Amino acid sequence: MHTKAVLFLLACFCPLPVFAWGPGHDDVNKLAVELLGDALPAAVTANVVKWAHTPDDFAPWEKLKQFRVSADDLRLLKAHKLDTAYSSHSAKGQAVEFILLVKAFKDNDPQRIAFWSACLLHPLADEAACNHDPLLHYATYAFKAGYHLKMGVGVGMDFADVARSPAGQELVRRLAVAEPPRFLPGDPDEALLAVMMSGLESNSYMTRRGTTIAASFALDATPQQMAATRTALVELGVRGATRGRDVIVAARDFARQGTIPALTPRLEAAFQRRKAAYVAARPLADDALYADLLQAQAPAGQPAVGVLVEPSINMNEACFSFGAKLLTAAAARSMQLAGVPFRLIDLRSLDKNAALTPQSISVLVVCAGPFKVGKAAKDALAAYSAAGGRFLWIGGEHAGLLGKLSENLLAAAPAELPIASQYGQDTRVAHQAQFYFLHEFQEALGSQPYRFVHNPNTKAGWQTPRCGYRLRPAEGVAVLAEMRVAGEVVPLAGACMGRDGKARAVFLPEYLLAPYLLSDEDGIANLSRPSLDKVGRRILSASLTLLGQAAVPSK
Ligand SMILES: [Zn+2]
């Protein structure tokens, strides 16, 4: 899907350029053109398809080869700090392009109508593209394209994989016709808000189908599962095309009335409020990755291991690392399989969740990544720790919440880290590093060195398991894992020990637990139900034991 060359963009947890539908964008735009009928000038419908990939271009608008953006249009884009075609992927970009499309219809300028229609259709389709589901993203860029793990044949992960056969085309038409128009509000402010909210809504629509699509990659996928995947993939493409149709028709109708919507700071603030309300209300089960785990949780009242989780928002937006959803789901499923009572703790409920007490949650698993959480959530975690709660912390950042461990986690020099901080880059360390486990971890994993079986520095994807820290040995801190590279020993993981001989907190870099990096397993039997690999299971089990959990089976 990702067909462009390696992109040298800053990637330290900033938005990263990973493309969504690949060839599927052509099929989405073809379908939209078909659904739009005579709403588009017939002479330029071919350009709506030809320009389907324009927003995946990082060039400034002025440098686009395929189309010269008019001076007037450029002025409006620049007034909103939308400098490149790639900025179409933002909600603001879509709002401004909607305005430009209204103007193009008003001026009756067919080429501009085609161009802004193509630019809008692309991101509206991207937000429903399944490679940004938290499970399928990891599968696409790490498990498949990166590590080449063996899986079932699957149906595909691009709309084009299902939209081009005669049977696929028939299904696309049938589902597209059945999708009623969702008219945009007639009020121009409300219409712009609806355009901006589209990405959030399509993201939920898409992540609800993540495991259904993943199920076709199971080694023993049934014909029924394959058919369900085909339908789900078609639904996602149809979602993009029909939303695009509705937005383009609305732009034409505003032009006919002579109304040009305007994006004001007040409206942008209103969008932020609506977005926050939408994210606050989004059911966690909309992330299909978590749906069955929610059913398998320990009953209320039974002490359990907590796993801190967050919902998807859109594209790559997340408070924790993008890979954290896969990792936490895999850890929870490994606990489920091992009979360890667990409970998913929703980040959004932290500040009001009286259930987060050491009595109910003996250990809390956190996969922190950049840990972009608000003060209330941070305070709730600090209060949990002060009351005797224990952390299994997979970093990422630690936010000073780990007592003595936090005091001794030092920023490592980029050159000594195994995971590059820049997109698409490799590191020397990834190829040379040997990881050794010590103390309780050694009992679980042996004294032999481990190497990366697959390079975590994949060329694409924003889920690479970064951690920028090394551990300084200190009194009260037990080193549990170290990396040896070029004659140097770098402590990486450790525990801060309490007076009772149990750990208060364990810190692990994300790359030690991320699936299929240190384990020699060469395939995934059922992608739709991810769990930790055998190395990860042993690390989890040893960590929980250290943290005072009763003995945990590691099989
Ligand atoms: Zn895109």
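In this text, all values refer to a predicted model and were calculated from it rather than measured experimentally.

A. Quick look at the sheet that holds strand E2 (residues 342-346). Pairing within the open sheet is mixed, and its eight strands lie in the order E2-E1-E3-E4-E10-E9-E8-E6. Two strands in the sheet have a free side with no partner beyond their single neighbour: E2 and strand E6 (434-437). Mean inter-strand twist for the sheet, computed between neighbouring axes without regard to direction, equals 20°. With four bridges connecting them, E6 and strand E8 (residues 477-485) associate as antiparallel partners. Within E8, the position partnered with Gln434 by the bridge is Arg484.

B. Region of interest: the pairing of strand E10 (residues 503-509). Of all seven residues in E10, six are buried; the element is thus mostly enclosed. Direction of pairing for strand E4 (residues 390-395) relative to E10: parallel, over a ladder of five bridges. Of the residues in E10, the one forming a bridge with Leu392 is Val506. In terms of strand pairing, strand E9 (residues 488-497) meets E10 through four bridges, oriented antiparallel. Bridge pairing in E10 places Ala495 opposite Val506. The antiparallel pairing of E9 with E10 creates a hairpin that spans five residues between the two strands, and Gly501 there sits at a positive phi of about 80°.

C. A look at the domain arrangement of the chain. Here the domain parsing of the chain yields domain 1 (4-281) and domain 2 (284-546). Computed from C-alpha atoms alone, the centre-to-centre distance between domain 1 and domain 2 is 33 Å. At the junction of the two partners, domain 1 supplies 49 residues and domain 2 supplies 46 residues. For the domain 1 and domain 2 pair, buried surface summed over both sides reaches about 4200 Å², with 66% attributable to carbon and sulfur atoms. The interface formed by domain 1 and domain 2 contains three salt bridges. Across the domain 1-domain 2 interface, the total number found is 12 residue pairs in polar contact (both at pLDDT 80 or more). Elements represented by at least two residues in the side of domain 1 that touches domain 2 include exactly helix H6 (134-144), helix H9 (188-207), helix H10 (210-215) and helix H12 (265-281).

D. Quick look at the environment of Ala128. Mapping Ala128 onto the fold places it in the loop between helix H5 (110-126) and H6. Overall, the relative accessible area of 0% leaves Ala128 in the buried class. Along the sequence, Ala128 and Val195 sit 67 residues apart, while their C-alpha atoms lie 14 Å from each other. Setting aside chain neighbours within four positions, we find Ala128 in contact with Trp21, Ser202, Met206, Leu236 and Arg239.

E. Up close: the packing of helix H14 (residues 324-338) against helix H20 (residues 534-546). The contact between H14 and H20 brings their axes to 11 Å, and the two run at 75°. Overall, the two elements H14 and H20 adopt an arrangement that is roughly perpendicular. Seen from H14, the contacting residues are Ala331, Ser334 and Met335; seen from H20, they are Arg537, Leu540 and Leu544. Classifying every residue of the contact of H14 with H20 by side-chain character gives four nonpolar, one polar and one charged.

F. Layout of the packing of aromatic side chains. A complete count under the given rule lists 22 aromatic pairs for this structure. Centre to centre, the rings of Phe58 and Tyr86 are 4.5 Å apart; their planes meet at 20°, and the pair counts as stacked. Within this pair, whereas Phe58 is found in the loop between helix H2 (45-50) and helix H3 (71-79), its partner Tyr86 is found in the loop between H3 and helix H4 (91-106), the two being separated by 28 residues in sequence. A residue is classified by how much of its surface remains accessible, and Tyr86, at 16% relative accessible area, is buried. Judged by centre distance (4.2 Å) and plane angle (15°), the ring pair of Phe67 and Phe115 falls under stacked. Of this pair, Phe67 sits in the loop between H2 and H3 while Phe115 sits in helix H5; the two residues are 48 residues apart in sequence, bridging distant segments of the chain. You can call Phe67 buried: its relative accessible area is 12%. One aromatic cluster is present, built from ring pairs that chain together Trp51, Trp61, Phe67, Phe115 and Trp116.

G. Structural view of the environment of Ala433. Mapping Ala433 onto the fold places it in the loop between helix H17 (428-432) and E6. Ala433 sits in the buried class, given a relative accessible area of 1%. Residues Ala433 and Pro418, spaced 15 residues apart in sequence, show a C-alpha to C-alpha distance of 7.4 Å. Not counting the four nearest positions on each side in its chain, Ala433 is found in contact with Tyr450, Arg451, Met483, Arg484 and Val485.

H. Local environment of the pairing of strand E1 (residues 304-309). Counting buried residues along E1, six of its six residues qualify, which places the element largely inside the surrounding structure. Across four bridges, E1 lies against strand E3 (residues 361-369) in parallel orientation. Residue pairing across strands places Val307 opposite Val365, the latter belonging to E3. Between the parallel pair E1 and E2, the chain is carried across by H14, and the sense of this crossover is right-handed.

I. Main features of the coordination of the zinc ion. Taken together, the protein ligands of the zinc ion are Asp56 (OD), His89 (NE2), His122 (NE2) and Asp126 (OD), with distances of 2.0 to 2.3 Å. The coordination sphere of the zinc ion comprises four donor atoms, whose angles at the metal cover 84 to 174°; the geometry is irregular. Counting along the primary sequence, the residues that act as donors to the zinc ion give the motif D-x32-H-x32-H-x3-D. One end of the pair, Asp56, is in the loop between H2 and H3; the other, His89, is in the loop between H3 and H4, with 33 residues separating them in the sequence. Overall, the relative accessible area of 5% leaves Asp56 in the buried class. Owing to a relative accessible area of 12%, His89 belongs among the buried residues under this scheme.

Parameters and conventions
- Residues numbered from 1 in each chain as written.
- Predicted model: local features only at pLDDT ≥ 70, side-chain atom pairs only at ≥ 80, totals over all residues.
- Heavy atoms only, no water.
- Pairing = 2+ DSSP bridges.
- Helix = DSSP H or I, 4+ residues; strand = E, 2+ residues; numbered from the N terminus.
- Axes fitted to C-alpha atoms, helices over the stretch in contact; angles between N-to-C directions.
- Buried < 20%, exposed > 50% of the residue type's maximum accessible area, 1.4 Å probe, protein only.
- Domains from an automatic or database assignment.
- Contact = heavy atoms within 4.5 Å.
- Buried area = accessible area lost by both parts, 1.4 Å probe.
- Salt bridge = Lys/Arg side-chain N within 4 Å of Asp/Glu carboxyl O.
- Polar contact = N/O pair within 3.5 Å; in protein donor to acceptor, adjacent residues only side chain to side chain.
- Parallel < 35°, antiparallel > 145°, perpendicular 65-115°, else oblique.
- Nonpolar A, V, L, I, M, F, W, Y, C, P; charged D, E, K, R; others polar.
- Phe/Tyr/Trp six-rings, centres within 6.5 Å; stacked < 30°, edge-to-face > 60°.
- Right-handed = clockwise from strand over helix to strand, strands pointing away.
- Donors = N, O, S within 2.8 Å, 3.2 Å for Na, K, Ca; no water.
- Tetrahedral: all angles 85-135°; square planar, octahedral: opposite > 155°, others 65-115°.

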